[in-house]
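# Summary of structural features
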Amino acid sequence: MNETQEEIMLEIGNTLVSLDVIERYFCCDIEKCKGECCIEGDAGAPLTETEAATIEKLIPTLRPHLLPRAVERIESDGASYIDEEGDLVTQIVDGRNCVYTCYAPGGVCQCAIEKLWNEGLTGKFRKPESCALYPVRLTGYPTFTAVNYHKWSVCKDAEKLGRKLGLRVYQFLKGPLTERFGAAWYDELCEAAEAYLAENE
């Protein structure tokens, strides 16, 4: 483990993993939150330049599945933008909603990109990595990547369900974390997490 000035973190390969990722419970409870993370906040989802370019190419396929005002925003202001912090993010509408939000019966928010991916219409691109990894946020530094838990009030039900199921953040995100960092990295994370929890709980 590597100790920083702020907290103790687990060092896995070239990453530093916050203990919140290990200790906290989490499992999306979509029936209760209705996908609120897609329609709350003051900026869109973080994107890489490659992701932004991919989404731009998918706009013709996505357009029929988006809300009319979302289509208008994309056509007038682009598929993505640079927010106040200088980050590349998905475009938003109504001051908060991701333009790639669509709705399932019952008012549950869905990602239009992921919905079309499930139908085999977006190739290998499922959705932005920042969305797939949520509630984990990655921050890149010259020599390592920080893996942190993003605590948000809209995810209180997810924390409750995770505790009920005994599912930790890193376990809930097994698929996305493995896709991002590899199976060997994830296996090492699990071993380190189990050892840490055995010693501290």
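Residues numbered from 1 in each chain as written. Predicted model: local features only at pLDDT ≥ 70, side-chain atom pairs only at ≥ 80, totals over all residues. Heavy atoms only, no water.

### A look at the overall build of the protein chain
Stated formally: Helix numbers and strand numbers start at the N terminus; a helix is a DSSP run of H or I with at least 4 residues, a strand a run of E with at least 2. Values of the radius of gyration come from C-alpha atoms, whereas the globule rule sets the reference at 2.2 Å times the count of residues to the power 0.38. Residues count as neighbours in contact if any of their non-hydrogen atoms are within 4.5 Å of one another. This count recognises Lys and Arg as positive and Asp and Glu as negative, with His and chain-terminal groups excluded. Charge placement uses NZ in Lys and CZ in Arg. For Asp and Glu, CG and CD serve respectively.
Helix and strand counts for the protein chain come out as 10 helices and 11 strands. Relative to the 2.2 N^0.38 estimate, which gives 17 Å for 201 residues, the radius of gyration of the protein chain is 18 Å and therefore close to what a compact globule would have. Dimensions of the protein chain, computed from the C-alpha atoms along their principal axes, are close to 55 × 40 × 30 Å. Look at the contacts in the protein chain between residues 6 or more apart in sequence, and 62% of them connect residues 24 or more apart. Computing the positive centroid from 21 side-chain charges and the negative centroid from 34, the protein chain places the two 8 Å apart.

### A word on the pattern of salt bridges
Just so we agree on the cut-off: The rule for a salt bridge is simple: a side-chain nitrogen of Lys or Arg has to be within 4 Å of a carboxyl oxygen of Asp or Glu. When accessible area is computed with a 1.4 Å probe and restricted to protein chains, residues below 20% of their type maximum are described as buried, those above 50% as exposed, and intermediate ones as partly exposed.
Within the structure shown, the criterion is met by nine salt bridges. Between Lys115 and Glu119 there is a salt bridge whose closest N-O contact spans 3.3 Å. Accessibility expressed as a relative area gives 44% for Glu119, which makes it partly exposed. Lys151 is paired through a salt bridge with Glu159; the nearest N and O atoms lie 3.4 Å apart. A relative accessible area of 51% places Lys151 in the exposed class. Taken together, the shared-partner salt bridges in this structure form one network comprising Glu114, Arg126 and Lys127.

### What about the state of the cysteines?
Let me state the cut-off plainly: By convention in this document, the label disulfide applies to cysteine sulfur atom pairs within 2.5 Å.
Scanning the model with the defined rule gives zero disulfides in all. No disulfide involves Cys131; its nearest neighbouring cysteine sulfur is the one of Cys111, lying 6.2 Å away. Under the relative-accessibility criterion, Cys131 is labelled partly exposed at 30%.

### Considerations on the confidence of the model for the protein chain
Counted only if it meets this: pLDDT expresses how confident the predictor is about each individual residue, on a scale running from 0 to 100.
Residues of the protein chain with pLDDT of at least 70 account for 95%, and the chain-wide mean is 89. Per-element confidence in the protein chain ranges from a low mean pLDDT of 41 for strand E1 (residues 2-3) to a high of 98 for helix H8 (residues 169-172). Below a pLDDT of 50 lies the segment residues 1-6, which in the model reaches 13 contacts outside its immediate sequence neighbourhood of four places, other chains included.

### With respect to the pairing of strand E2 (residues 8-12)
Heads up, the rule is: Strand pairing is assigned whenever DSSP identifies at least 2 bridges connecting the two strands.
Two strands pair when backbone bridges link them, and E2 and strand E3 (residues 15-18) are joined in this way by four bridges, in the antiparallel orientation. Within E3, the position partnered with Met9 by the bridge is Ser18. The antiparallel hairpin formed by E2 and E3 contains two residues in its connecting segment, where Gly13 sits at a positive phi of about 60°.

### A look at the packing of helix H9 (residues 174-181) against helix H10 (residues 183-200)
For any two helices packed against each other, the geometry comes down to the angle between their axes and how far apart the axes lie. Filter applied, for reference: Here, axes are lines fitted to C-alpha atoms. For helices the fit covers the stretch in contact, and angles between N-to-C directions go from 0 to 180 degrees. Orientation is classified from the angle alone, with under 35 degrees giving roughly parallel, over 145 giving roughly antiparallel, 65 to 115 giving roughly perpendicular, and any other angle giving oblique. Three classes are used, and their members are as follows: Ala, Val, Leu, Ile, Met, Phe, Trp, Tyr, Cys and Pro are nonpolar, Asp, Glu, Lys and Arg are charged, and the others, Gly among them, are polar.
As a packed pair, H9 and H10 sit with axes 7 Å apart at the nearest point and diverge in direction by 125°. The orientation of H9 relative to H10 falls into the category oblique. Between H9, through Lys174, Leu177, Thr178 and Phe181, and H10, the contact on the second element is made entirely by Ala183, Trp185, Tyr186 and Leu189. Residue composition of the contact of H9 with H10, by class: six nonpolar, one polar and one charged.

### Brief notes about the nonpolar core
Quick note on the threshold: Within this scheme, the nonpolar core is defined by two criteria: the residues are buried Ala, Val, Leu, Ile, Met, Phe, Trp, Tyr or Cys, and they are joined through side-chain atoms within 4.5 Å.
Judged by nonpolar contacts, the single largest core of 27 residues is most densely connected at Val17, Val21, Ile22, Tyr170, Leu177, Trp185 and Leu189. Among the secondary structure elements, those contributing two or more residues to this core are E2, helix H1 (19-23), strand E11 (145-149), H8, H9 and H10. In terms of residue count, the dominant contributor to this core is H10 (seven residues). Residues within four places of Leu177 in sequence aside, it is in contact with Leu133, Tyr170, Gly182, Trp185, Tyr186 and Leu189. Core analysis: the second largest hydrophobic core is formed by 21 residues, Leu47, Ala52, Ala112 and Leu116 among them.

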